[in-house]
Amino acid sequence: MKKLIVWFFVLFLCRQVAAQDILVDKASRVSFFSEAPLENIAAVTSKAVSALGITTYEVAFKVPVTSFEFEKQLMREHFNENYLESEKYPYATFGGKINEQIDWNVGGIQQVTVVGNLDIHGVKRRYTTQATLEVTDTAIHAHAKFNVKLTDHGIKIPRVVVKNIAEEVEVEVSATYPK
């Protein structure tokens, strides 16, 4: 299954690029945080797969929805069964492009803009967000934080729990691409 996921990204980013120009992180970290009046909800996974095309500036993430870990098992059940319907929509994906040109051979930290489509719960929306790239001799570290409005992705929150779940959640992604 892991090979299948990696091939998905290779094919996606490989349209006219040699395979050595694609860097892959099989343990990307994705987390989200929902701050609501009655209860905060946080979840994290390190089972996302991401790829970075260093000549095309394309970036892609694929996250198994059921891999998110929660503080409480009941939160995880509700998340997968009632809100994200993970049996029907097993993955969240992002495919986009870095706007700025980057010299991958020069070390340091750079702020960039990433534009792309986020597909959650079967609904694809365009996002633009700021990201930080740190280039070192051995790796490229990427980090971004952005907000996702649940209704934009067809995720409905019942009125009875509206004070338990925020309408907008903060999503944070981190990846390390070995050179």
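The structure under discussion appears in the preceding block.
Quick caveat: nothing in here was measured; it's all calculated off a predicted structure.

Asks: Got a minute to help me understand the overall build of the chain in this structure?
Replies: Helix and strand counts for the chain come out as two helices and nine strands. Its helices and strands taken in sequence order, the chain reads α-β-β-β-β-α-β-β-β-β-β from the N to the C terminus. Taken over 179 residues, the chain has a buried fraction of 44%. A total accessible area of about 10,200 Å² is found for the chain, and carbon and sulfur atoms account for 53% of it.

Asks: I keep staring at the environment of Ala144 and nothing clicks. Help me out?
Replies: Here Ala144 shows up in strand β8 (residues 139–149). Sequence separation between Ala144 and Gln111 is 33 residues; the distance between their C-alpha atoms is 9.9 Å. Residues within four places of Ala144 in sequence aside, it is in contact with Thr129, Gln130, Ala131, Val171, Glu172 and Val173.

Asks: Whenever I open this one, the pairing of strand β6 (residues 108–120) confuses me. Can you help?
Replies: Taken residue by residue, a regular strand's side chains alternate between the two faces of the sheet. Both strand β5 (residues 91–98) and β6 contribute to a ladder of six bridges, which runs antiparallel. Bridge pairing in β6 places Phe94 opposite Leu118. By the bridge criterion, 13 bridges tie β6 to strand β7 (residues 123–135) in an arrangement that is antiparallel. Residue Gly116 lies in a different strand from β7, and its bridge partner there is Tyr127. Connecting β6 to the antiparallel partner β7 that follows it, the hairpin turn spans two residues, and His121 within it adopts a positive phi of roughly 60°.

Asks: Which parts of the structure should I look at to understand the packing of aromatic side chains?
Replies: Aromatic rings considered in pairs are described by the distance between their centres and by the relative angle of their planes. The final tally for this structure, using the stated rule, is seven aromatic pairs. Note on Phe32 and Phe70: the rings are 5.8 Å apart at their centroids and 70° apart in plane angle, and the pair reads as edge-to-face. Of this pair, Phe32 sits in strand β1 (residues 22–35) while Phe70 sits in strand β4 (residues 69–70), and the two are 38 residues apart along the sequence. The exposure class assigned to Phe70 is buried, which follows from its relative accessible area of 14%. On the basis of an interplanar angle of 55° and a centroid distance of 5.0 Å, the ring pair of Phe70 and Phe79 is categorised as tilted. Note on accessibility: Phe70 and Phe79 belong to one class, buried. Pairwise contacts between aromatic rings join Phe32, Phe68, Phe70 and Phe79 into one cluster.

Asks: Teacher, can you tell me more about helix α2 (residues 73–83) here?
Replies: Helical geometry note: an α-helix holds 3.6 residues per turn, so side chains three or four residues apart project in the same direction. Those residues of α2 lying buried are Met75, Phe79, Asn80 and Tyr83. End-on view of α2: buried residues confined to an arc of 125°, all on one side of the axis. For α2, exposure combined with an orientation more than 90 degrees from the buried face picks out Gln73, Leu74 and Glu81. Residues of α2 that are buried in the fold lie against β1, β2 (40–53) and β4. Of the residues trailing α2, Glu85 is marked for its positive phi of about 45°.

The rules we used
- Residues numbered from 1 in each chain as written.
- Predicted model: local features only at pLDDT ≥ 70, side-chain atom pairs only at ≥ 80, totals over all residues.
- Heavy atoms only, no water.
- Helix = DSSP H or I, 4+ residues; strand = E, 2+ residues; numbered from the N terminus.
- Buried < 20%, exposed > 50% of the residue type's maximum accessible area, 1.4 Å probe, protein only.
- Areas by Shrake-Rupley, 256 points an atom, 1.4 Å probe, with all protein chains shown as cover.
- Contact = heavy atoms within 4.5 Å.
- Pairing = 2+ DSSP bridges.
- Phe/Tyr/Trp six-rings, centres within 6.5 Å; stacked < 30°, edge-to-face > 60°.
- Arc of directions from axis to C-beta.

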